[in-house]
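Now for the letters of each chain:
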Amino acid sequence: MDAEIFALLGQDGITNGAIYALLALALVLVFAVTRIIFIPQGEFLAWGALTMAALEAGHFPGTVWLLLGAGALTFAADLFGGAAARRQLGKSALWNLLYPAVLAGLLWVLPLQALPQVAKGLLVLGIVVPLGPMIYRLAFQPVAEAPVLVLLIVAVALHLLMVGIGLLIFGPEGSRTLPFSEAQFEIGSLVVGGHTLVVLAASVLLIVALYLYFDRTLGGKALRATAINRNGARLMGISPALAGRQTFFFAALIGALSGLLVAPLTTIYYDSGFLIGLKGFVAAIIGGLASYPLAAGGAVLVGLLESFSSFWASAFKDVIVFTLIIPVLMWRSLTSHHVEEEE
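Just so it is clear, the model here is predicted, and its values are computed rather than measured.

Engineer: Where do I start with the overall build of the chain in this structure?
Structural biologist: Looking only at helices and strands, one finds 16 helices and 2 strands in the chain. Overall, the chain is about 65 × 60 × 40 Å in size when its C-alpha atoms are taken along their principal axes. Put simply, the chain has 343 residues, and 47% of those count as buried. In the chain, of all internal contacts separated by at least 6 residues, the share reaching a separation of at least 24 is 76%. If you sum the accessible surface of the chain, you get close to 16500 Å²; carbon and sulfur atoms cover 71% of it.

Structural data, given as structure tokens:
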């Protein structure tokens, strides 16, 4: 290995690490607020990437039909839910029925292939991101107070369902999208692609935006309060159900954006999100499913380890990455105190 190969591997590792960092932050956020280990986080990545590929091919995305169906089910759940849900039926109809219908009509008449790349990306976010709160309302809100193990079982079942839906919508073929920038920058003997800079810039901007949201806005402080003490937040008038839907909104946003960023770098299949999401989960475990900075640092470590492992032992790169979780879990088991879960 010479300096040029080392620099190329480092560039790839940091680029992949930036994407893993976003997924790790989403996993930490979801677990902190809702106590859900959100196994299907990677499915939003796959759906975002494959929806973008469909738009680039000029096809009507199958995820729009999924959005329409999920919206109808969510409205029905609110309609037949408790009195609190029925008081919000107007807002529920707006977001779960009218918005998907308007978006579907817009996509039906737009010349999809002729749209700019950024416009297609925004349409992808508009299709995939609303699925996050809908999934929380349908799958997790009815069992929100269940033990962590029950929530994990629901998450695993949801992952299997979402993978099956992905196969039904997108088929078994993989897709790769166009980069957001074709520019090339030479730094000495190293050539840095424009899309690599887009990935790094988007990751940094999203992390900063999330920090400002949680630190400077009332909604962000409410989510932080729910993460620290669910019962105390409820006593202060913060709705755990609303906090859960907001959290899944951010999880879907981060997942879909990660899909847009990673699709030009590698071919994405309907089930690719699980493996990529697991690498984000390794980074989240390094952060103890609690620390955002440690999770981000762990994601960069995972990206670099994967990149250099692919050079020395490409057949075992995933094994090496996932083996990293063993010493981390052992160290945390030896240094942390067991706390009984609150009933």
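More follows now that the structure is in view.
Engineer: Would you explain the pattern of salt bridges in this entry?
Structural biologist: Charged atoms that come close allow side chains of opposite charge to pair. Under the defined criterion, the tally for this structure stands at 2 salt bridges. With a closest N to O distance of 2.8 Å, Asp78 and Arg137 form a salt bridge. Taken together, the residues span a long stretch of sequence, with Asp78 in helix α3 (residues 62-79) and Arg137 in helix α7 (residues 131-140) at a distance of 59 residues. Summarising the burial analysis for this pair, Asp78 and Arg137 share the class buried. Here Lys279 and Glu306 are joined by a salt bridge, their closest N and O atoms 2.5 Å apart. Of this pair, Lys279 sits in helix α13 (residues 272-286) while Glu306 is found in helix α14 (residues 292-312), placing the two residues 27 residues apart along the sequence. Here the two residues Lys279 and Glu306 agree in accessibility, since each one is buried.

Engineer: What's the story with the packing of aromatic side chains in this structure? I'm lost.
Structural biologist: Between two aromatic rings, the relevant description is the distance of the centres plus the angle of the planes. A full pass over the atoms with the stated rule returns 14 aromatic pairs. On the numbers, 6.2 Å between centres and 70 degrees between planes, the contact of Phe38 with Phe140 is edge-to-face. Of this pair, Phe38 sits in the loop between α1 (3-34) and α2 (41-56) while Phe140 sits in helix α7, placing them 102 residues apart in sequence. Judged on exposure class, the residue Phe38 and its partner Phe140 are both buried. Residues Phe60 and Trp65 carry aromatic rings whose centres are separated by 5.4 Å and whose planes lie at 55 degrees to one another, so their mutual orientation is tilted. On the accessibility criterion, Phe60 (22% relative accessible area) is partly exposed. Taken together, Phe38, Phe44, Trp47, Tyr136, Phe140 and Phe248 form an aromatic cluster joined through their ring pairs.

Engineer: What am I meant to see in the packing of helix α9 (residues 194-216) against helix α10 (residues 218-228) here?
Structural biologist: For any two helices packed against each other, the geometry is given by the interaxial angle and the distance between the axes. Axis separation between α9 and α10 bottoms out at 5 Å; the angle between their running directions is 85 degrees. When the axis of α9 is compared with that of α10, the two are roughly perpendicular. Contacts from Tyr213, Phe214, Asp215 and Arg216 in α9 reach Leu218, Gly219, Gly220, Lys221, Leu223 and Arg224 in α10. Here the contact of α9 with α10 is composed, by residue class, of 4 nonpolar, 2 polar and 4 charged.

Engineer: Which parts of the structure should I look at to understand the environment of Thr63?
Structural biologist: Here Thr63 shows up in helix α3. Along the chain, Thr63 and Val128 lie 65 residues apart, while their C-alpha atoms are 7.2 Å from each other. Those residues in contact with Thr63 that lie beyond four places of it in its chain are Trp47, Thr51, Ile127, Ile169 and Phe170. A distance of 3.0 Å separates the side chain of Thr63 from the side chain of Thr51, its partner in a polar contact.

Engineer: Help me out: how do you make sense of the side chain of Thr34 in this one?
Structural biologist: The residue Thr34 is located in helix α1 in this model. On the basis of relative accessible area, Thr34 is assigned to the buried category, the value being 4%. One polar contact links the side chain of Thr34 to the main-chain carbonyl oxygen of Val30, over a distance of 2.5 Å. Here Thr34 is in contact with Tyr136, Leu151, Arg230, Gly244 and Phe248, once residues within four sequence places are set aside.

Engineer: In this structure, what is going on with the nonpolar core? I would like to understand it.
Structural biologist: A general feature of soluble globular proteins is that nonpolar side chains tend to end up buried together. In this structure, Ile36, Phe38, Phe44, Leu107, Leu131, Phe140 and Ile268 are the most contacted members of the largest nonpolar core, which totals 86 residues. Of all the elements, α1 adds the most residues to this core, at 13 residues. Not counting residues up to four positions away in its chain, the partners in contact with Ile268 are Leu45, Ala46, Ala49, Leu50, Gly174, Ser175, Val262, Ala263 and Ile276.

Engineer: Please clarify how the packing of α9 against helix α12 (residues 240-262) should be interpreted in this entry.
Structural biologist: Packing of α9 against α12 brings their axes to within 10 Å, and their N-to-C directions diverge by 170 degrees. Judged by the angle between their axes, α9 and α12 are roughly antiparallel. Facing His195, Val198, Val199, Ala202, Ser203, Leu206, Leu210 and Tyr213 of α9, the residues of α12 in contact are Gln246, Phe250, Ile254, Leu257, Leu260 and Leu261. Partitioned by chemical class, the residues of the contact of α9 with α12 number 11 nonpolar, 3 polar and no charged.

Conventions we followed
- Residues numbered from 1 in each chain as written.
- Predicted model: local features only at pLDDT ≥ 70, side-chain atom pairs only at ≥ 80, totals over all residues.
- Heavy atoms only, no water.
- Helix = DSSP H or I, 4+ residues; strand = E, 2+ residues; numbered from the N terminus.
- Buried < 20%, exposed > 50% of the residue type's maximum accessible area, 1.4 Å probe, protein only.
- Contact = heavy atoms within 4.5 Å.
- Areas by Shrake-Rupley, 256 points an atom, 1.4 Å probe, with all protein chains shown as cover.
- Salt bridge = Lys/Arg side-chain N within 4 Å of Asp/Glu carboxyl O.
- Phe/Tyr/Trp six-rings, centres within 6.5 Å; stacked < 30°, edge-to-face > 60°.
- Axes fitted to C-alpha atoms, helices over the stretch in contact; angles between N-to-C directions.
- Parallel < 35°, antiparallel > 145°, perpendicular 65-115°, else oblique.
- Nonpolar A, V, L, I, M, F, W, Y, C, P; charged D, E, K, R; others polar.
- Polar contact = N/O pair within 3.5 Å; in protein donor to acceptor, adjacent residues only side chain to side chain.
- Core = buried A, V, L, I, M, F, W, Y, C linked by side-chain atoms within 4.5 Å.

Just distances and angles here, no functional claims.
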